[in-house]
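A structural walkthrough
The residues making up each chain are set out below.
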Amino acid sequence: MSQVYSVAVVVGSLRKDSYNRKVARALSELAPSSLALRIVEIADLPLYNEDVEATAPDSWKHFRDEIRRSDAVLFVTPEYNRSVPGCLKNAIDVGSRPYGQSAWAGKPTAVVSVSPGAIGGFGANHAVRQSLVFLDMPCMQMPEAYIGGAASLFDEAGKLSDKTRPFLQGFIDKFASWVKLNRAV
Ligand SMILES: Cc1cc2nc3c(=O)[nH]c(=O)nc-3n(C[C@H](O)[C@H](O)[C@H](O)COP(=O)(O)O)c2cc1C
């Protein structure tokens, strides 16, 4: 049987009707059989505080375990004030500690940003990428995924528009190759 890689999808929005969550679900449906995507929730992670690391909350431990048992990570995020939403930055920080035991290290990754605006969350996308350098995560460079006009991506029934599907398909297919290549290193 060929290898199936487990991918933790971290969505940077806590909103019930989040466009980013919808795109994450669409990517999960479009993913080739070599990838198994699942959303790892971040809403219940208390703000990172080094003082409580010795008695770390269960939600931190659970989140770190979820990342550790994954072969790869896909970030799907909105842009808040031209940068990373606080909930996502907090999740990144939680996963990066205790010092020397980062759950992220070495996991192949990619970043998708989604916004109703025209520039598709470019600022957030690159702010996440900045952290990925220090986290030592091999990040897929191309295709870049700055998805604008999010309000018209899905119809009333939640179906992804035919205009966007080929792009997302190409993205997730390329990501599957990226994961395979970098997981073998
Ligand atoms: C605090 C805040 C700041 C925002 N800043 C930006 C921004 O810098 N750029 C942008 O394109 N949209 C910005 N938005 C609008 C979001 O893109 C929009 O709310 C989007 O729907 C959030 O993604 P979601 O649907 O996945 O929750 C901001 C929204 C909030 C609540």
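Computed from a prediction, not measured in an experiment: that's the story for all the values here.

Description of the UniProt feature "domain: NADPH-dependent FMN reductase-like" (unreviewed entry) in the chain
Under the present numbering, the feature "domain: NADPH-dependent FMN reductase-like" (unreviewed entry) in UniProt falls on residues 7–150. Along residues 7–150, the helical share is 32% and the strand share 17%, with 23 Å between the first and last C-alpha atoms.

Here we look at the packing of aromatic side chains
The description of an aromatic ring pair uses the distance of the two centres, along with the angle that the planes make with each other. For the structure on display, the rule yields four aromatic pairs. Where F75 meets W104, the ring centres are 5.5 Å apart and the plane angle is 45°; that geometry is what we call tilted. Taken together, the residues F75 in strand β3 (residues 72–77) and W104 in the loop between α3 (86–95) and β4 (109–114) connect sequence positions 29 residues apart. The residues F75 and W104 share a single accessibility class, namely buried. Grouping aromatic residues by their ring pairs yields a cluster made of F63, F75 and W104. The lysine or arginine in question, R15, covers the ring of Y19, its NZ or CZ lying 5.4 Å from the ring centre.

So, the packing of helix α1 (residues 19–30) against helix α5 (residues 165–183)
For any two helices packed against each other, one specifies the inter-axial angle together with the distance between the axes. Close contact between α1 and α5 brings their axes to 9 Å; oriented N to C, the two are set at 65°. The angle between α1 and α5 places the two elements in the roughly perpendicular class. In the crossing of α1 with α5, the sense of the turn from one axis to the other is right-handed. Seen from α1, the contacting residues are V23, A26, L27 and L30; seen from α5, they are R165, L168, Q169, F171 and I172. Its residues assigned to classes, the contact of α1 with α5 shows seven nonpolar, one polar and one charged.

A closer look at the pattern of salt bridges
Within the structure shown, the criterion is met by 13 salt bridges. The salt bridge partner of E53 is R64, with a shortest N-O separation of 3.0 Å. Taken together, the positions of E53 in the loop between β2 (35–39) and α2 (58–68) and R64 in helix α2 put the pair 11 residues apart, joining distant regions of the chain. Owing to a relative accessible area of 18%, E53 belongs among the buried residues under this scheme. Residue class for R64 comes out buried when judged on its relative accessible area of 4%. Here D71 makes a salt bridge to R183, at a shortest N to O gap of 3.3 Å. Remark: R183 occurs in helix α5 and D71 occurs in the loop between α2 and β3; sequence separation between them is 112 residues. The exposure class assigned to D71 is buried, which follows from its relative accessible area of 16%. On the basis of relative accessibility, which here comes to 34%, the residue R183 falls in the partly exposed class. Each of R38, E66 and R69 takes part in one network of salt bridges that share partners.

Conventions and cut-offs
- Residues numbered from 1 in each chain as written.
- Predicted model: local features only at pLDDT ≥ 70, side-chain atom pairs only at ≥ 80, totals over all residues.
- Heavy atoms only, no water.
- UniProt positions renumbered as here; feature names shortened; annotations may be inferred.
- Helix = DSSP H or I, 4+ residues; strand = E, 2+ residues; numbered from the N terminus.
- Phe/Tyr/Trp six-rings, centres within 6.5 Å; stacked < 30°, edge-to-face > 60°.
- Buried < 20%, exposed > 50% of the residue type's maximum accessible area, 1.4 Å probe, protein only.
- Lys NZ or Arg CZ within 6 Å of the ring centre and 35° of its normal.
- Axes fitted to C-alpha atoms, helices over the stretch in contact; angles between N-to-C directions.
- Parallel < 35°, antiparallel > 145°, perpendicular 65-115°, else oblique.
- Left-handed = near helix turned anticlockwise from the far one by under 90°.
- Contact = heavy atoms within 4.5 Å.
- Nonpolar A, V, L, I, M, F, W, Y, C, P; charged D, E, K, R; others polar.
- Salt bridge = Lys/Arg side-chain N within 4 Å of Asp/Glu carboxyl O.

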